[in-house]
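Here's the letter readout for the chains.
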Amino acid sequence: MAEKDSNSNCRIVSLAWPCVKKKVECVGSAFLRYYNIKCHGDDPSFTESKSHEKAEEIVFDDDVEYLRSLDPKEWKSQDHYAVLGMKELRYEATDDDIKRAYRQKVLKHHPDKRKAQGEDIRSDDDYFTCITKAYEILGTPVKRRSYDSVDHTVDDTIPSTAEIKKEGFFEVVSKHFESNARWSEKKNVPLLGDENSSREQVERFYAFWYEFESWREFSYLDEEEKEKGADREERRWIEKQNKAARAKLKKEEMARLRSLVDLAYTYDPRIQRFKQEDKDKKLAAKKARQDAVQAKKAEEERIMKEALLAKQKAEEAERARLDAARAEREIQKKNLRKERKALRDLCKANNYYAQGEDQTVTHMAAVEKICEVMKLTELQDFMKELGINGRIAFVKTVQETEEKLEAERKALFDTKKQDEQKIKKDAVLRTPVEWTVEMTQMLIKAVNLFPAGTNQRWEVVANFLNQHCTFIDDKRLSAKEVLNKAKDLQSSDFSKSSLKKAANEEAFDQFEKEKKKISNHVDNTGISKSDKLVNGTTTAEIKPEEKPWTKTEQELLEQAIKTFPVNTSERWEKISDCIPNRSKKDCMKRYKELVELVKAKKQAANLSK
């Protein structure tokens, strides 16, 4: 929908579809209209009244002398706002203001108007061209933005340190940020604030300006216009030069803004206060940590002092106890010496309860033994018994003492003998085993039977050797000894060893024996002489009794079955090699018997349920 402005004969376009999102520039009538609709709704009376009030307030300057001094060829250096009489409004002027100003200039300075008034008009060099050019620049949003970016009234200076110290930080710096806030791509630009601004507001302010996004661009200062290029290549070259110049000016502009922000951040009293507060807080935290460390150290020293004091008290108590025990022992020793002396005197007074000179000497020695063996209480009891029973008690005590001494001597002798036997046995066990040819061959066989990957391989090999080899003094091989011997055999040159020769000879002898056994007494009919007839049947047809499986053979069979799984090639040959005097057929038959036995037990258990 549209309405007609009575003053300017121009149409004011209002929003017909508020739900449609459209990018609106923050300058001109479009923005003001959008703002009014948002604040006051779609009220045409409000919009119309406001436009009338503003039209009455704004007075456009008409500096004829300035207009006549303009050169149409130098239109790029002219002040377009001054040409249209808006020298004071400048970037705050709306699109309606520009249209009304242009209309007034046209009505007054159009060449036809002036020619009708008798003025001499220069058709090729008239200043009205400058008015038309000014409206062309300011009436187009993109060109107006380009011109506003390089407006000569824009303050691009940065305040000095002396100025800040003289006039005050907030008075000087705030106006610079307010003037530069117009370049922001984002709206709601945060203000500098004052001395009482919170830390959050200050941090948000500097975060915004350190990441400031400016729409300011410098295409108005292009030295050459792309449209003036003679061909496409020249126009491309002109565009490239213009872009480089704009990028350079944009970089300088961002550096200027960054310098302004750095200067403000450096001299901002709030930042200094915040830094001092943070520093004080860190110092307070550091002091608190130091106080905590000192308190902990003092507490540890106190605990150490208390522990030292307690230790001293315990040592003093221990010394007192030792002194008391020492004094008690001295008293006991003194009493013991006294009792021994009393016993000796009593025995001497009674002639040592002897019936002859030979017995006297024996009893004297017995008295000394009794004095050495008996304790204080025993001596006291013995003295009482002597006083009652006399010789009988003395003889009885002498016999008991002798028996006791003899038992102690025997126990000491047995202990000493056991220690000697243990030392001898340990010496035998520590003596390295002398490996015979038979043991070495058995080791080679065991290593082949239990290949690498067998669970606890060397313990299994050692058990195999201990079961199949004979040792002196019941010595047994350990896994470590077997492993060392295997490494020794592996590192040595087996081809030069006599072990190979002995093994070959033994294998050949075994082959000869088996060959002789097979070919022994075979007649032409194919029946050997040893297979004599028994009741019309050869002995070869008589099946020998099967040898029962021993516990050792059963354990070897179970170990071999675990060692060689089902997917092992020639499994039953390897299993039979692990069990002496058992063939492959015997091992397979025994395995089937065990399987049938397990199945029968499972069936019996199922039936019992």
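Residues numbered from 1 in each chain as written. Predicted model: local features only at pLDDT ≥ 70, side-chain atom pairs only at ≥ 80, totals over all residues. Heavy atoms only, no water.

Peer 1: Just checking my understanding: could you explain the overall build of the protein chain for this structure?
Peer 2: Within the protein chain, the regular secondary structure consists of 23 helices and four strands. Within the protein chain, the proportion of its 609 residues that are buried is 28%. Across the protein chain, the fraction of contacts at a sequence separation of at least 24, relative to all contacts at a separation of at least 6, is 63%. Roughly 43,300 Å² of accessible area belongs to the protein chain as shown, and the carbon and sulfur atoms make up 52% of that amount. (Helix = DSSP H or I, 4+ residues; strand = E, 2+ residues; numbered from the N terminus. Buried < 20%, exposed > 50% of the residue type's maximum accessible area, 1.4 Å probe, protein only. Contact = heavy atoms within 4.5 Å. Areas by Shrake-Rupley, 256 points an atom, 1.4 Å probe, with all protein chains shown as cover.)

Peer 1: Help me understand helix H18 (residues 457-468) in this model?
Peer 2: Think of an α-helix as 3.6 residues a turn; residues three or four steps apart then line up on the same face. Helix length check: H18, at 12 residues, gives a terminal C-alpha distance of 17 Å against a target of 16 Å (1.5 Å per residue), a fit within 8%. Taken as a whole, H18 has its buried residues at Arg457, Val460, Val461, Ala462, Phe464, Leu465, Asn466 and His468. Where the residues of H18 are buried, they touch helix H17 (437-449), helix H19 (479-491), helix H21 (551-563) and helix H22 (571-578). (Expected span 1.5 Å × (residues − 1).)

Peer 1: In this structure, what is going on with the packing of helix H11 (residues 199-210) against helix H12 (residues 232-267)? I would like to understand it.
Peer 2: It is at 10 Å that the axes of H11 and H12 come closest, and there the two elements cross at 160 degrees. Here H12 runs roughly antiparallel to H11, going by the angle between their axes. For the pair H11 and H12, the crossing hand works out as left-handed. From H11, Tyr206, Trp209 and Tyr210 reach across to H12, where they touch Arg258, Val261, Asp262, Ala264 and Tyr265. (Axes fitted to C-alpha atoms, helices over the stretch in contact; angles between N-to-C directions. Parallel < 35°, antiparallel > 145°, perpendicular 65-115°, else oblique. Left-handed = near helix turned anticlockwise from the far one by under 90°.)

Peer 1: Help me understand the pattern of salt bridges, please; the structure alone is not making it clear to me.
Peer 2: Side-chain pairs of opposite charge can arise where the charged atoms are in close proximity. By the definition in use, this model includes 37 salt bridges. The residue Asp95 makes a salt bridge to Arg144 at a minimum N-O spacing of 3.8 Å. Separated by 49 residues along the polypeptide, Asp95 in helix H5 (residues 95-109) and Arg144 in helix H8 (residues 141-149) bring together distant segments of the chain. On the accessibility criterion, Asp95 (25% relative accessible area) is partly exposed. Taking relative accessible area as the criterion, Arg144 reaches 3% and is therefore assigned buried. (Salt bridge = Lys/Arg side-chain N within 4 Å of Asp/Glu carboxyl O.)

Peer 1: I keep staring at a negative patch on the surface and nothing clicks. Help me out?
Peer 2: Taken together, Glu378, Asp381, Glu385, Glu400 and Glu403 make up a surface patch of like negative charges. No other element matches helix H15 (residues 376-389), which puts three residues into the negative patch. Tracing the backbone shows Asp381 in helix H15. Exposure remark for Asp381: the relative accessible area of 49% places this residue in the partly exposed category. (Patch = residues over 30% accessible without salt bridge, like charges linked within 9 Å, V, L, I, M, F, W, Y side chains within 5 Å. Lys, Arg positive; Asp, Glu negative; His and termini not counted. Charge placed at Lys NZ, Arg CZ, Asp CG, Glu CD.)

Peer 1: I'm lost on helix H7 (residues 128-139) in this one. Help?
Peer 2: Between its terminal C-alpha atoms H7 stretches 16 Å, which fits the 16 Å expected from 12 residues at 1.5 Å a residue. All buried positions along H7 are accounted for by Phe128, Cys130, Ile131, Ala134, Ile137 and Leu138. Where H7 is buried, its residues contact helix H3 (64-68), helix H4 (80-83), H5, helix H6 (111-116) and H8.

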